[in-house]
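Chain and residue survey
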Amino acid sequence: MMNKAAMGGGGGGPTAAAAAAASQKQKTLLQKVDTDISNIVDNFSHLVNLARVNDPPVRNSQEAFQMEIRAARMVQAAESLRNLVSELKQTAIFSGFGSLNENVDRRIAEFNRLEEGTERLLERVGEQAAASLKELEAHYYSSALRTSHREA
């Protein structure tokens, strides 16, 4: 994963603002997908509930009208999903996901370097803590307090 990014190549990846814009667009599209799917499911469940047969003819005509409205809303939500799929395809074709992948590779390399530095720092802290503990143990075992505590 550190191929181009670690060697300093990778030319012309997106800026942080472009990456943030792409991330925001993705969130927006996912929210639209969730909304459209929930609209389809809600309208379908209302259609099923309205589809029962009742005796009063007035109520049946009201329910038929409501069913038409629900069906129209389902069609609108399905068309919206179709448009989202088209937009996602265009985004995949035109936005250059390769440059985004290069940016991800650079970030992975950066985080790997940070991880190595953090591990070295933790090793030094551990060594210092062990040395301090050894020094404190030596001081404790040679102290007058320990010897007077043992005699009592």
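Residues numbered from 1 in each chain as written. Predicted model: local features only at pLDDT ≥ 70, side-chain atom pairs only at ≥ 80, totals over all residues. Heavy atoms only, no water.

Some thoughts on the overall build of the protein chain
Helices and strands together make up the secondary structure of the protein chain, namely five helices and zero strands. Put simply, the protein chain runs from its N terminus to its C terminus through helices and strands in the order α-α-α-α-α. Here the protein chain holds 152 residues, and 12% of them are scored as buried. The contacts in the protein chain between residues at least 6 apart in sequence include a share of 75% that link residues at least 24 apart. On the protein chain, roughly 11800 Å² of surface is accessible, and the fraction owed to carbon and sulfur atoms is 59%. (Helix = DSSP H or I, 4+ residues; strand = E, 2+ residues; numbered from the N terminus. Buried < 20%, exposed > 50% of the residue type's maximum accessible area, 1.4 Å probe, protein only. Contact = heavy atoms within 4.5 Å. Areas by Shrake-Rupley, 256 points an atom, 1.4 Å probe, with all protein chains shown as cover.)

A closer look at the packing of aromatic side chains
Per the stated rule, a full pass over the model turns up one aromatic pair. Aromatic pair Tyr140 and Tyr141: ring centres 5.3 Å apart, planes at 65°, arrangement edge-to-face. Given the relative accessible area of 46%, Tyr140 is considered partly exposed. (Phe/Tyr/Trp six-rings, centres within 6.5 Å; stacked < 30°, edge-to-face > 60°.)

A closer look at the confidence of the model for the protein chain
Interpretation of this model should avoid reading the predicted coordinates in detail wherever pLDDT is low. Residues of the protein chain with pLDDT of at least 70 account for 74%, and the chain-wide mean is 77. Confidence, read as mean pLDDT per element, is least for helix 1 (residues 3-7) in the protein chain (40) and greatest for helix 4 (residues 97-142) (86). In this model, residues 1-13 is a region of pLDDT below 50 whose contacts with residues beyond four sequence positions or in other chains number 16 contacts. (pLDDT = per-residue confidence, 0-100.)

Focus on the side chain of Asp36
Along the chain, Asp36 falls in helix 2 (residues 16-50). Setting aside residues no more than four positions away along its own chain, Asp36 makes contact with Ala77, Ser80, Leu81 and Leu84.

Remarks on the side chain of Asn43
Mapped onto the fold, Asn43 is located in helix 2. Classification of Asn43 by relative accessible area gives buried; the value is 5%.

Notes on the pattern of salt bridges
Counted according to the given criterion, the structure contains one salt bridge. Residues Arg107 and Glu110 are paired through a salt bridge, measuring 3.5 Å at the closest nitrogen-oxygen approach. Of this pair, Arg107 and Glu110 are both found in helix 4, three residues apart, which corresponds to roughly one turn of the helix. (Salt bridge = Lys/Arg side-chain N within 4 Å of Asp/Glu carboxyl O.)

Some details on a negative patch on the surface
A cluster of acidic side chains, namely Glu115, Glu116, Glu119, Glu123 and Glu127, defines a negative patch on the protein surface. Here Glu115 lies in helix 4. (Patch = residues over 30% accessible without salt bridge, like charges linked within 9 Å, V, L, I, M, F, W, Y side chains within 5 Å. Lys, Arg positive; Asp, Glu negative; His and termini not counted. Charge placed at Lys NZ, Arg CZ, Asp CG, Glu CD.)

So, the environment of Asn103
As for its position among the elements, Asn103 is in helix 4. Each C-alpha atom, one on Asn103 and one on Ala16, is 9.2 Å from the other, the two residues being 87 residues apart in sequence.

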